[in-house]
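As a plain string of letters, each chain reads:
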Amino acid sequence: VTLVVKKRSGENIISIDEEVKTAIKRLEETFPLGTEVTIVADQSVQIKRMVRELENNILSGLLLVVVVLLAFFGVRNALFVGIAIPFSMLITFIVLQAFGITLNMVVLFSLILALGMLVDNAIVIVENIYRHRGKGKGNIEASQIGTGQVAGAVIASTLTTICAFGPVVFWPGIMGEFMKYLPITVIITLAASLLVALIFNPVLCSRFMGVPRKESE
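Report on the accompanying structure. Position numbers for residues count from 1 along each chain, tracking the sequence in the order it is written. Given that the model is predicted, a residue must reach a pLDDT of at least 70 before its local features are reported, and side-chain atom pairs must reach 80 or more before they are shown or counted; all residues, however, enter totals for whole chains, interfaces and linings. Side-chain numbers here rest on the full set of heavy atoms in the structure, without hydrogens or water.

Comment: elements are numbered from the N terminus, with helices defined as DSSP H or I runs of at least four residues and strands as E runs of at least two. Along the chain, Ala-192 falls in helix H8 (residues 181-208). Residues Ala-192 and Ile-162, spaced 30 residues apart in sequence, show a C-alpha to C-alpha distance of 12 Å. Discounting residues that sit within four places of it in the chain, Ala-192 has contacts with Ser-88, Ile-91 and Thr-92. What makes two residues a contact is simply this: any of their non-hydrogen atoms within 4.5 Å.

Right under this line is the structure:
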C-alpha cells in the first residue's frame, strides 16, 4: 500500500513532515501485526539540508562583513555599525511574520543578498558622527548634526535601491508568484536598515562613542 502526501501551495513542508510522522507513530498500534511503515521520497530532508547551508552562508557572510568593518573602522565604530545587522534582521523577521511570509529558499537567499547592504547606511552615519566628535563636539551634538547632514543622502540612496527592486514585485505569472518574495524581502530589509541607521545608531553613538584618538591628542 502506497500513500502519497502532498502539501498545498504556500504550506510549510517541514511542519507537514513532522505532523505526518507524528500521525504514523500514533496509528502504528492499530496496524495489523507484521506491518512495516517505510517513508520514501521525503522532500523535507533535502529542504532542511538546503536551509542549513543557506543559514551557514548567512553566518559566514555576517562574519566577513564584521571583519571588513574591524579592518577599516576599529573595534568600537565597527560595533556601532555591526549592531545594525542583528537589529535590521530582527525587524525584518517581525515584518515577514506579520505578512505571513515563511522562511523559504527565496527568502533566505534574499537575506544573503541584502546582508551586504544592511550596513551601508550605518557606515555613512556613524562615520559622519565620528568626524564631528573629532572636531570637539559632544556626543549628543555630534549625533544630531552628523545624522542630520547625511540623512537626506542616506534616505535617497536606500529609496533608489528599493525602487529598483519594486517592479519585480508585480512580475506576472507563476514565476512572478515564486520570485516576488525576493524583492519583498530585500525591500523590507533595506527599510529596516534605514530605520536602524537613522534611529538606533545615533542613539548608541550619543551614549557610547569616544573621542578620536588623534583629535584628542
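All right, on to the pattern of salt bridges then. Within this document, salt bridges are pairs made up of a side-chain nitrogen of Lys or Arg and a carboxyl oxygen of Asp or Glu, the two lying within 4 Å of each other. Within this structure, the stated rule accounts for two salt bridges. A salt bridge links Lys-21 to Asp-17, with the shortest nitrogen-to-oxygen separation between them at 3.5 Å. Placement of both Lys-21 and Asp-17 in helix H1 (residues 13-27) is noted, with a separation of four residues, approximately one turn of the helix. Its relative accessible area of 38% is what places Lys-21 among the partly exposed residues. Residue Asp-17 is classed as buried on the basis of its relative accessible area, which comes to 10%. Among the ionic pairs, Asp-42 bridges to Lys-21, the shortest N-O distance being 3.7 Å. Per-residue accessibility, obtained with a 1.4 Å probe over protein chains only, is compared with the maximum for each type, and a residue is labelled buried under 20%, exposed over 50%, and partly exposed between these values.

This part takes up the side chain of Asn-128. Mapped onto the fold, Asn-128 is located in helix H5 (residues 120-134). When neighbours within four sequence positions are excluded, Asn-128 is seen to be in contact with Gly-146, Gln-149 and Val-150.

Glancing now at the layout of surface pockets. Points on a 1 Å grid over protein atoms alone make up a cavity when a 1.4 Å probe fits among them but cannot get out, and a pocket when they form an open set with protein on both sides within 12 Å along at least five of seven lines; lining residues each have an atom within 4 Å of a point. Grid points are joined across faces, edges and corners, and a volume is the space filled by probe spheres set on the points. Its volume calculated, the largest pocket comes out at about 970 Å³. Lining the largest pocket are 26 residues, with Leu-3, Val-4, Val-5, Val-20 and Ile-39 positioned closest to its centre. Elements with a minimum of two residues in the lining of the largest pocket: H1 and helix H2 (43-82). Per-element tally for the lining of the largest pocket: the top contributor is H1, with eight residues. As for the second largest pocket, its lining consists of 22 residues, of which Lys-7, Glu-11, Thr-102, Asn-104 and Met-105 are closest to the centre. Of all the elements in the fold, those that place two or more residues in the lining of the second largest pocket are H1, H2, helix H4 (105-118) and helix H7 (173-179). Top element by residues in the lining of the second largest pocket is H2. It accounts for four residues.

Let us now look at H8. Helix span, expected: 1.5 Å multiplied by one less than the number of residues in the helix. Here H8 spans 37 Å end to end across 28 residues, near enough to the 40 Å set by a 1.5 Å rise per residue. At Ala-197, H8 shows its maximal kink, close to 35 degrees. Note that the bend at a residue is defined as the angle between axes fitted to the seven residues ending at it and the seven residues starting at it.

Let us now look at the packing of aromatic side chains. Any pair of Phe, Tyr and Trp rings, taking the six-membered ring for Trp, is counted once the centres come within 6.5 Å. Such a pair is stacked with planes under 30 degrees apart, edge-to-face with planes over 60 apart, and tilted for the rest. Under the defined criterion, the tally for this structure stands at one aromatic pair. Sitting over the ring of Tyr-181, Lys-180 keeps its end group 5.8 Å from the ring centre. Consider the ring centre and the ring normal. A charge sits over the ring if Lys NZ or Arg CZ is within 6 Å of that centre and within 35 degrees of that normal. Positioned above the aromatic ring of Phe-208, the side-chain terminus of Arg-207 is 5.9 Å from the ring centre.

For the rest of this paragraph, the subject is the packing of helix H3 (residues 84-98) against H4. Inter-axis angles, ranging from 0 to 180 degrees, are taken between N-to-C directions of lines fitted to C-alpha atoms, where helices are fitted over the stretch in contact. Viewed as axis vectors pointing N to C, H3 and H4 meet at an angle of 145 degrees, and their least axial separation amounts to 11 Å. Of the two possible hands of crossing, H3 and H4 adopt the one that is right-handed. Judged by residue contacts, Ala-84, Ile-85, Ser-88, Met-89, Thr-92, Phe-93 and Leu-96 of H3 engage Val-107, Leu-111, Leu-115 and Leu-118 from H4. With the far helix as reference, a near helix turned anticlockwise by less than a right angle produces a left-handed crossing, and one turned clockwise produces a right-handed crossing.

Two elements in contact, H3 and H8, have axes whose closest approach is 8 Å; the angle formed by their N-to-C orientations is 130 degrees. Comparing their axes, H8 and H3 come out oblique. Classified by chirality, the crossing of H8 by H3 is right-handed. Two secondary-structure elements touch here, H3 through Ala-84, Phe-87, Ser-88, Ile-91, Thr-92, Val-95 and Leu-96 and H8 through Thr-185, Ile-188, Thr-189, Ala-192, Ser-193, Leu-195, Val-196, Phe-200 and Asn-201. Any angle from 65 to 115 degrees is called roughly perpendicular, while one under 35 is roughly parallel, one over 145 is roughly antiparallel, and all others are oblique.

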